[in-house]
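Summary of the model geometry
So the chains spell out like this:
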Amino acid sequence: MSTKQYLTIFICFLMNMLDGMDVLIISYAAPAIAKAWSISPANLGVVFSSGLVGMTVGAIFLAPFADRIGRKSTMLIAGLLMATCIYATSYATDVNLLMIFRFISGLGIGAMMATTAALTAENSPVSTRNFWVSTVVAGYPVGAVLSGLVAATVIKTSGWEHLFELAGLATFLSLPLVGLFIKESFAASQSAEEKPSVQILVKEPYRISTFQLWAALFLAFATLYFMLNWIPKLATNAGLSMSAAIYAGTVFNLGAIVGIPMQGYCSSRFGLKKTIGTILLFTAVTMLSFGFFVHSPYVLVIFFLMGFGVQGGFVGLYAVAASMYPTYIRTTGVGWAIGAGRLGGIIGPILGGLLVAWGLDMTQSFWVFAIPAAFAGLMTFRISSKDIS
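Residues numbered from 1 in each chain as written. Predicted model: local features only at pLDDT ≥ 70, side-chain atom pairs only at ≥ 80, totals over all residues. Heavy atoms only, no water.

For the protein, the name recorded in an unreviewed UniProt entry is MFS transporter, with Aquirufa echingensis as its organism.

Written out as structure tokens, the structure is:
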């Protein structure tokens, strides 16, 4: 690999760090916002999901433009949406404004993740593509961990609003790197008829494997976003302090920092489907065992292992999408796969809010979401694409 390839991959990693930060600060700020505005758990779940709706729309409808107008242009547009609306969130005064800002910032986040995954796949050797795609997407939990470490202090000393100001400014400052060092690239189709379109994804030879991939991502995202958004709030309900609850979410994302690169390494050695399917089944078992450790000093280890498993597994599915489709529809394929997953991500936090409202505790909630985690693993084993081992 050349220096230019490494630099491109590094910038993609950085943009995914900002994605993770911009997504997760709402969950870190949620206890403080709920306390200040007296928001019910159900309404808080809708706020979480409004950002995920935006990410779904961005991945499905904005990300495919990268196959037409170029990867660099799409990254700049997505970054500008993220930066502007994350910063503007600090001025929200009610739930409706919060939902609007989360939705619009989600548009940029959804497009950014799909575009960086495709760009990384195109700038890495085929033999190590799975590793590099997984490593770049590992920027997402790195950003989540760093923002969690900062959030505990910033919210306590300066208020939740200042947290969004800092995140917005950080995203603004990253845009010159994209403008200066990312070379504009377009997807070259093989013929005039081969234009980027979702119709290609659901026709032979991609039809069956596309729907299998979408189903696996739907289930994995539902599990992941339930945990990403609700771990801090469920932890406070269980009696932890606000700072301790934030650190629980941080440990969860710390597990992902280890799990994602390890998944990429194992996938390169043992195959994507076998590795990802096994990791997701491991996640389900870990969630089922949570009740045995909830009141023990080892509970943080369980949070770590759940983050290790569910995030390592779902990120591996990005690598599956990047490998399944040829260059001229790669961002479209990755974007629609992420979009299908985001539908699960929308349902997950809403269902989490309902479970809390119905009186289920943390252990019981994890039991419920162990089911989609297990089925995501089983579906991954069945993905039938000939290009995926």
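From this point, the narrative continues.
The next subject is the overall build of the protein. For the protein, the helix and strand inventory stands at 14 helices and zero strands. Each helix (α) and strand (β) of the protein, taken in turn from the N terminus, gives the series α-α-α-α-α-α-α-α-α-α-α-α-α-α. Relative to the globule expectation of 21 Å for 389 residues, the C-alpha radius of gyration of the protein, 19 Å, shows essentially globular dimensions. When its C-alpha atoms are laid out on the principal axes, the protein stretches across 60 × 40 × 35 Å. Relative to its 389 residues, the protein shows a buried fraction of 59%. In the protein, 86% of the contacts between residues at least 6 apart in sequence involve partners at least 24 apart. Surface exposure of the protein reaches about 14500 Å², of which carbon and sulfur atoms provide 70%. (Helix = DSSP H or I, 4+ residues; strand = E, 2+ residues; numbered from the N terminus. Rg over C-alpha atoms; globule rule 2.2 N^0.38 Å. Buried < 20%, exposed > 50% of the residue type's maximum accessible area, 1.4 Å probe, protein only. Contact = heavy atoms within 4.5 Å. Areas by Shrake-Rupley, 256 points an atom, 1.4 Å probe, with all protein chains shown as cover.)

In this section: helix α6 (residues 139-158). Every α-helical turn comprises 3.6 residues, leaving residues that sit three or four positions apart pointing alike. Taking 1.5 Å of rise per residue, 20 residues should cover 28 Å, and α6 covers 26 Å from first to last C-alpha, within 8% of that figure. Most pronounced at A151, the bend in α6 amounts to some 35°. After α6 finishes, the residue G159 shows a positive phi value of roughly 95°. (Expected span 1.5 Å × (residues − 1). Bend = angle between axes of the 7 residues up to and from the residue.)

The subject of this paragraph is the side chain of N16. Within the secondary structure, N16 sits in helix α1 (residues 3-37). With residues near it in sequence (within four places) discarded, N16 still touches M113, T116, V136, V137, G139 and Y140.

Moving on: the environment of S49. Summarising the element assignment, S49 is placed in helix α2 (residues 41-62). Along the backbone, S49 and C266 are 217 residues apart, and their C-alpha atoms lie at a distance of 32 Å. Setting aside residues no more than four positions away along its own chain, S49 makes contact with I346, P349 and I350.

For the rest of this paragraph, the subject is a nonpolar patch on the surface. Side chains of L7, F10, L177, L180 and F181 sit close together on the surface and give an oily, nonpolar patch of about 470 Å² of accessible area. Of all the secondary structure elements, the ones that give two or more residues to the nonpolar patch are α1 and α7 (160-181). With three residues, α7 is the largest single contributor of residues to the nonpolar patch. Within the fold, F10 resides in helix α1. On the basis of relative accessible area, F10 is assigned to the partly exposed category, the value being 48%. (Patch = residues over 30% accessible without salt bridge, like charges linked within 9 Å, V, L, I, M, F, W, Y side chains within 5 Å. Salt bridge = Lys/Arg side-chain N within 4 Å of Asp/Glu carboxyl O.)

Omega for the peptide link from E204 to P205 comes to 10°, which places this bond in the cis form. Take P205: it is sitting in the loop between α8 (198-201) and α9 (207-237). The phi dihedral of S38 is positive, around 55°, even though this residue is not glycine. Along the chain, the position of S38 falls in the loop between α1 and α2.

Taken as a whole and judged by the stated rule, the model has four salt bridges. A salt bridge links E122 to R71; the shortest N-O distance between them is 2.4 Å. Of this pair, E122 sits in helix α4 (residues 95-122) while R71 sits in helix α3 (residues 71-89), placing them 51 residues apart in sequence. For E122, a relative accessible area of 27% corresponds to the partly exposed category. A residue is classified by how much of its surface remains accessible, and R71, at 0% relative accessible area, is buried. Here R330 ties to E122 by a salt bridge, and the two come within 3.8 Å at their closest N and O atoms. Taken together, the positions of R330 in helix α13 (residues 330-357) and E122 in helix α4 put the pair 208 residues apart, joining distant regions of the chain. Shared partners join several salt bridges into a network, and the residues in it are D67, R71, E122 and R330.

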